[in-house]
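Breakdown of the fold
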Amino acid sequence: MTVDIEAKDELRNAAKPSEWVTVPVAAALAGRAPRTIYDWITKGDLATRQNRDNVTEVRSNAVVRVEATKRRGRPKGSPTLRW
């Protein structure tokens, strides 16, 4: 997974655990893809706000909390395709 330079700088400068961070920074914090963070938002697992530049932000401590409850990999019951 690649994280843009701006997201790395923002992650490095995040001082408070309850700080609002952008989705790319949240993805880097959780070790997940930004698409996964957006999926969590859609499912209602994460609250969001729009900053003054109209960029979606989430609370960093909520990302860490939600990430700890999620399983990685394919959901149970999903078939493995074998050729």
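Here the structure is a predicted model, which is why all the values come from computation and not from measurement.

Rules used in this analysis
- Numbering of residues starts from 1 in each chain and follows the order in which that chain's sequence is written.
- With the structure being a predicted model, the display of local features is reserved for residues of pLDDT at least 70 and the display and counting of side-chain atom pairs for 80 or more, all residues being used for whole-chain, interface and lining totals.
- Working from all heavy atoms in the structure, the side-chain values ignore hydrogens and water.
- In this analysis, axes come from line fits to C-alpha atoms, helices being fitted only over the stretch in contact, and the angle between any two N-to-C directions falls in the range 0 to 180 degrees.
- To qualify as a helix, a DSSP run of H or I must reach at least 4 residues; to qualify as a strand, a run of E must reach at least 2; elements of each kind are numbered from the N terminus.
- Every angle not falling under 35 degrees, over 145, or within 65 to 115 is termed oblique; those three ranges are roughly parallel, roughly antiparallel and roughly perpendicular.
- In this scheme, a crossing is called left-handed if the near helix is turned counterclockwise away from the far one by less than a right angle; it is called right-handed if the turn is clockwise.
- Should any heavy atoms of two residues lie within 4.5 Å, those residues are considered in contact.
- Residue polarity follows a fixed list, in which Ala, Val, Leu, Ile, Met, Phe, Trp, Tyr, Cys and Pro are nonpolar, Asp, Glu, Lys and Arg are charged, and the others, Gly among them, are polar.
- Only when DSSP finds a minimum of two bridges between them are two strands counted as paired.
- To sort residues, take the accessible area from a 1.4 Å probe on protein chains only and compare it with the maximum for the residue type: under 20% means buried, over 50% means exposed, and anything in between is partly exposed.
- Any N or O atom pair separated by 3.5 Å or less is treated as a polar contact, with the protein-specific requirement of one donor-capable and one acceptor-capable atom, and with residues adjacent in sequence counted only for side-chain atom pairs.

1. What about the packing of helix H2 (residues 23-30) against helix H4 (residues 60-69)?
At a closest axis distance of 10 Å, the pairing of H2 and H4 adopts a crossing angle of 45°. The angle between the axes of H2 and H4 places the two elements in the oblique class. You can see that H2 and H4 cross each other, and the crossing is right-handed. Where H2 approaches H4, its residues Ala26, Leu29 and Ala30 are matched on the opposing element by Ser60, Val63, Val64 and Glu67. Of the residues assigned to the contact of H2 with H4, the class counts are 5 nonpolar, 1 polar and 1 charged.

2. Overview of the sheet that holds strand S1 (residues 20-22)
Within the open sheet, the 3 strands sit side by side as S1-S3-S2. Their pairing is antiparallel. Both edges of this open sheet fall to S1 and strand S2 (48-50), since each of them pairs with a single strand only. Across the sheet, the mean angle from the axis of one strand to that of its neighbour is 40°, orientation sign disregarded. Strand direction decides the pairing type here: S1 and strand S3 (residues 56-59), joined by 3 bridges, are antiparallel. Looking at the pairing, Val21 lines up with Val58 of S3. Strands in contact with H2 are S1 and S3; relative to S1, the strand with the most contacts, it is inclined by about 95°. Docked against the sheet, H4 engages S1 and S3, running at close to 70° with respect to S3.

3. Concerning the side chain of Arg32
Tracing the backbone shows Arg32 in the loop between H2 and helix H3 (34-43). A relative accessible area of 9% means that Arg32 is categorised as buried. A polar contact of 3.4 Å, which involves the side chain of Arg32, links it to the side chain of Glu67.

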